[in-house]
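Below, each chain spelled out in residue letters.
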Amino acid sequence: MPAGAVGFEAVGRVDDDDFEEIVEPVLRREVAAGRRIRLLYLLGPELREYEGDALAEELKFAARHATSYERVAVVNDQDWLGPALRVLSALVPGQLRAFPVAELAQATAWVAGEGEHRS
């Protein structure tokens, strides 16, 4: 990931322990350092199952730290994710965009704000 952005790729089965042990500590460090979260999730073809408990933990964290998010890019080709993204976009006042897997490079550039002046 480019500087100023964090990214995760979901592979196989993802459950609430994965969020709590892998994703949440990274996001907490960003918040503690006073940085706005620029986050990319790749939910690509290697993802077999994303448990509802993991999504619930993600939504709870996002709700508690809503003002800490600047941009979230979700890269996936899964139709089932649409409703969850609508809920997340309502909880997070920053920008949230979905990208197809074929546009991973564009998603990475967007979430990192490449080509933009950052203060």
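As the structure is a prediction and not an experimental result, all values here were calculated from the model.

Draft legend 1. Quick look at the pattern of salt bridges. For the structure shown, the criterion picks out 7 salt bridges. Here arginine 13 ties to aspartate 15 by a salt bridge, and the two come within 3.4 Å at their closest N and O atoms. Judged by its relative accessible area of 47%, arginine 13 falls in the partly exposed class. With a relative accessible area of 13%, aspartate 15 lands in the buried category. Between glutamate 49 and arginine 13 there is a salt bridge, with the nearest N and O atoms lying 3.9 Å from each other. Taken together, the positions of glutamate 49 in strand E4 (residues 47–50) and arginine 13 in strand E2 (residues 12–14) put the pair 36 residues apart, joining distant regions of the chain. Among the ionic contacts, a cluster of salt bridges with common partners joins Arg13, Asp15 and Glu49.

Draft legend 2. Up close: the pairing of strand E1 (residues 6–9). Residues Val6 and Phe8 point to one face of E1 and are all buried, whereas Gly7 and Glu9, pointing to the other face, are not buried. For E1 and strand E3 (residues 37–43), the ladder comprises 4 bridges, and the chain directions are parallel. Each residue of the ladder has a partner; that of glycine 7, found in E3, is leucine 40.

Draft legend 3. View of the packing of helix H1 (residues 16–32) against helix H2 (residues 52–64). It is at 8 Å that the axes of H1 and H2 come closest, and there the two elements cross at 25°. It follows from the interaxial angle that H1 and H2 lie roughly parallel. The two elements H1 and H2 cross, and the hand of that crossing is right-handed. Judged by residue contacts, Asp16, Phe19, Glu20, Val23, Glu24, Leu27 and Arg28 of H1 engage Asp53, Ala54, Glu57, Glu58, Phe61 and Arg64 from H2.

What counts, and at which threshold
Residues numbered from 1 in each chain as written. Predicted model: local features only at pLDDT ≥ 70, side-chain atom pairs only at ≥ 80, totals over all residues. Heavy atoms only, no water. Salt bridge = Lys/Arg side-chain N within 4 Å of Asp/Glu carboxyl O. Buried < 20%, exposed > 50% of the residue type's maximum accessible area, 1.4 Å probe, protein only. Helix = DSSP H or I, 4+ residues; strand = E, 2+ residues; numbered from the N terminus. Pairing = 2+ DSSP bridges. Axes fitted to C-alpha atoms, helices over the stretch in contact; angles between N-to-C directions. Parallel < 35°, antiparallel > 145°, perpendicular 65-115°, else oblique. Left-handed = near helix turned anticlockwise from the far one by under 90°. Contact = heavy atoms within 4.5 Å.

Coordinates in, geometry out; function isn't part of it.
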